[in-house]
2 protein chains.
Amino acid sequence: MPQAVPRPTLQRLLRYLRELERLEAEGTPTIASDELGAAAGTTAHQVRKDLSCLGTLGRRGVGYRVGDIVPTLRAALALDRQWRVALVGAGNIGRALCAYRGFRERGFHIVALFDSDPRKEGCTWARLKVLPMGQLRRTVAELGVELGIIAVPATAAQGVADQLVAAGVRGILNFAPARIIVPPGVQVRSVDLAVEAEQLAFLVSAQSTQPPQP
Amino acid sequence: MPQAVPRPTLQRLLRYLRELERLEAEGTPTIASDELGAAAGTTAHQVRKDLSCLGTLGRRGVGYRVGDIVPTLRAALALDRQWRVALVGAGNIGRALCAYRGFRERGFHIVALFDSDPRKEGCTWARLKVLPMGQLRRTVAELGVELGIIAVPATAAQGVADQLVAAGVRGILNFAPARIIVPPGVQVRSVDLAVEAEQLAFLVSAQSTQPPQP
DNA sequence: ACGTGTGAAGTCGTTCACAGCG
DNA sequence: CGCTGTGAACGACTTCACACGT
């Protein structure tokens, strides 16, 4: 049975899948854990441990058959289906996410776009009309939206999250620099662009002041 | 001496700093670890352990003086200064990052903008002219750029990283869905938007198939 | 003989409990 | 007495070593 997959393992599994899809496109029939590890930036040990979370996927003495495990991984990671997404916030970030090809390529379809600013209402981006927030609940229900993306200012984030949850969304990807509280049963992942930059700055700075050990 | 700060601790310290700056603006003079923990979404234990990485910052029986530790935190996290940043890639993501206020508010100034597409050359975004890649090296040196942001397609990412490193950049924030290899002494942080969505999808999906324990 | 799967050992981070200072 | 600082216990993830299937 698929016992819990640790978070770090999940991230790596997604990277392995990327690499394996590339190998599949190139026609590589089989790959060993050490090669996959090198391609994904980790070790053979780690690759085997991670993949073993999902069952017995390889063949001893041979390696992993690319054609076999790509579908297995896709299914295990819930990527063998399409996800309908609502995007809230038609600002700079919202516009970029709306146009981002990476989402659609991986099965994430933004099917509705909302903004509280009436001046933006009716504008069209990437074939989507900007709808007023008042229509969020009905639209999410009608279109069967399962995931929401928040791309609004920090002060508005919690309110938007509440509305998304009330509309029945099961997961939220939050780009606002604010902590969001949701009831159990709803998943949240936050991406804070400034925090990413700040982490980088710290690492750069720490490395200058602390030269590596002798 | 400031011994190594674990990565998860670093992330939390940045969140504490946000909360503390808010408290400072509100005029709160002092705060205890349990309140700060609640505000930042963690525990009092964790707050004290994290802050103790940076030295003895609190007063027993009192708590932490907001006015004291905000500057201390800023200095320890290398946020008591400005960072000059070069942005490569004038596509959707690049445009959004260029206009993103959060960076400037936190001391990250995008001072140069590059794209390999000659048609975009000379366009102006947020008071920045799009420059050709050929000018990257000289411009980075002249302006004293320390950090680079990559917002180009995956296939171009490694090449851009190489050019940034050759130009003397010390850290790279990578938004391309590709692994980037840099020499030691250069820091990289990657943000893969599709992977974030994929993780969310997995968590939502896993929760449906595995109801919580009895 | 080769490469996977996996228990065991090791490392890192979190949680805890209480001593210690204001 | 209140709240911090911190060593110690705990738990999670990683690294390792080797048995096992092909």
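Rules used throughout
Residues numbered from 1 in each chain as written. Chains lettered and ligands numbered in written order. Predicted model: local features only at pLDDT ≥ 70, side-chain atom pairs only at ≥ 80, totals over all residues. Heavy atoms only, no water. Domains from an automatic or database assignment. Pairing = 2+ DSSP bridges. Helix = DSSP H or I, 4+ residues; strand = E, 2+ residues; numbered from the N terminus. Contact = heavy atoms within 4.5 Å. Buried area = accessible area lost by both parts, 1.4 Å probe. Salt bridge = Lys/Arg side-chain N within 4 Å of Asp/Glu carboxyl O. Polar contact = N/O pair within 3.5 Å; in protein donor to acceptor, adjacent residues only side chain to side chain. Nonpolar A, V, L, I, M, F, W, Y, C, P; charged D, E, K, R; others polar. Buried < 20%, exposed > 50% of the residue type's maximum accessible area, 1.4 Å probe, protein only. Near = heavy atom within 4 Å. Disulfide = S-S within 2.5 Å. Phe/Tyr/Trp six-rings, centres within 6.5 Å; stacked < 30°, edge-to-face > 60°. Lys NZ or Arg CZ within 6 Å of the ring centre and 35° of its normal. Arc of directions from axis to C-beta. 1 Å grid on protein atoms, 1.4 Å probe; cavity = no way out; pocket = protein on both sides within 12 Å on 5 of 7 lines; lining within 4 Å. Points joined across faces, edges and corners; volume = space filled by probe spheres on them.

Looking at the assigned domains, one finds that chain A contains domain 1 (7-76) and domain 2 (83-196). For domain 1 of chain A versus domain 2 of chain A, the distance between C-alpha centres works out to 32 Å.

Residues and elements named next belong to chain A. Taken in spatial order, the 7 strands line up as β5-β6-β4-β3-β7-β8-β9 in an open sheet, and their pairing is mixed. Strands with a single pairing partner mark the edges of an open sheet, and in this sheet they are β5 (124-125) and β9 (187-190). Taken together, the 4 bridges between strand β7 (residues 147-150) and strand β8 (residues 171-174) define a ladder with parallel strand orientation. Its bridge partner lying in β8, Gly148 is registered against Ile172.

Moving on, we come to the interface of chain A and chain B. Taken residue by residue, the interface counts 58 residues in chain A and 58 residues in chain B. Taken as a group, Glu198, Leu200 and Phe202 of chain A account for 12% of the area that chain A buries against chain B, more than any other trio of residues on that side. Taken together, the links from chain A to chain B amount to 8 salt bridges. Between Arg106 of chain A and Glu198 of chain B there is a salt bridge; the shortest N-O distance is 2.6 Å. For the interface between chain A and chain B, the tally reads 16 residue pairs in polar contact (both at pLDDT 80 or more). Taken together, the elements giving at least two residues each to the side of chain A that touches chain B come down to α1 (7-26), α2 (33-40), α5 (92-99), α6 (101-105), β8, β9 and α9 (193-209) of chain A. The element best represented in the side of chain A that touches chain B is α9 of chain A, accounting for 15 residues. When grouped by side-chain class, the residues that make up the side of chain A that touches chain B number 36 nonpolar, 12 polar and 10 charged.

All names here are of chain B. One pass over the structure, following the stated rule, counts 26 salt bridges over all chains. A salt bridge links Arg22 to Glu26; the shortest N-O distance between them is 3.0 Å. Of the two residues, Arg22 and Glu26 both sit in helix α1 (residues 7-26), 4 residues apart, roughly one turn of that helix. For Glu26, a relative accessible area of 52% puts it in the exposed group.

Moving on: the protein's contact with DNA strand C. Taken together, 22 residues form the shell around DNA strand C, and within it Ser33, Arg48, Gly58 and Tyr64 of chain A together with Arg12 of chain B come nearest. In the interface set of DNA strand C, defined as its atoms within 4 Å of the protein, sugar plus phosphate atoms amount to 59%. In this structure, Ser33 of chain A approaches DNA strand C through a side-chain N or O atom, which is 2.6 Å from a phosphate oxygen. One nitrogen or oxygen atom from the side chain of Arg12 of chain B is found 2.7 Å from a phosphate oxygen belonging to DNA strand C. Elements represented by at least two residues in the surface near DNA strand C include exactly α3 (44-52) of chain A together with α1 and α3 (44-52) of chain B. In terms of residue class, the surface near DNA strand C is made up of 6 nonpolar, 8 polar and 8 charged.

All right, on to the state of the cysteines then. Here is the idea: a disulfide is a covalent bond, and it sits between the sulfur atoms of two cysteines. Enumeration according to the criterion identifies 0 disulfides over all chains in this entry. Counting only cysteine sulfurs, Cys98 of chain B is the nearest neighbor of Cys123 of chain B, a cysteine outside any disulfide, at a range of 12 Å.

Residues and elements named next belong to chain A. In this structure the tally under the stated criterion is 2 aromatic pairs over all chains. Seen from their ring centres, Tyr100 and Phe103 are 5.2 Å apart, and the 85 degrees between their planes marks the pair as edge-to-face. On the basis of relative accessibility, which here comes to 15%, the residue Tyr100 falls in the buried class. Sitting above the plane of the Trp83 ring, Arg81 keeps its charged end 3.7 Å from the centroid.

Residue and element names in this part refer to chain B. Among the residues of helix α7 (residues 136-143), Leu136, Thr139 and Val140 are the ones counted as buried. In a view along the axis of α7, the buried residues occupy a sector of 100 degrees, so they form one face of it. Set apart from the buried face of α7 by more than 90 degrees, the exposed residues are Arg137, Arg138, Ala141 and Glu142. Here the buried face of α7 lies against β3 (83-88), β4 (108-114), β6 (128-131) and α8 (154-167). Taken from the residues just after α7, Gly144 is the one with a positive phi, measuring 70 degrees.

Roughly 700 Å³ of volume is contained in the second largest pocket. Together, 31 residues line the second largest pocket, and Tyr100 and Arg101 of chain A together with Val152, Pro153 and Ala154 of chain B are the ones closest to its centre. Of all the elements in the fold, those that place two or more residues in the lining of the second largest pocket are α6 of chain A together with α5 (92-99) and α8 of chain B. The biggest single contributor to the lining of the second largest pocket is α8 of chain B, with 4 residues. When the residues that make up the lining of the second largest pocket are grouped by side-chain class, the tally is 17 nonpolar, 6 polar and 8 charged.

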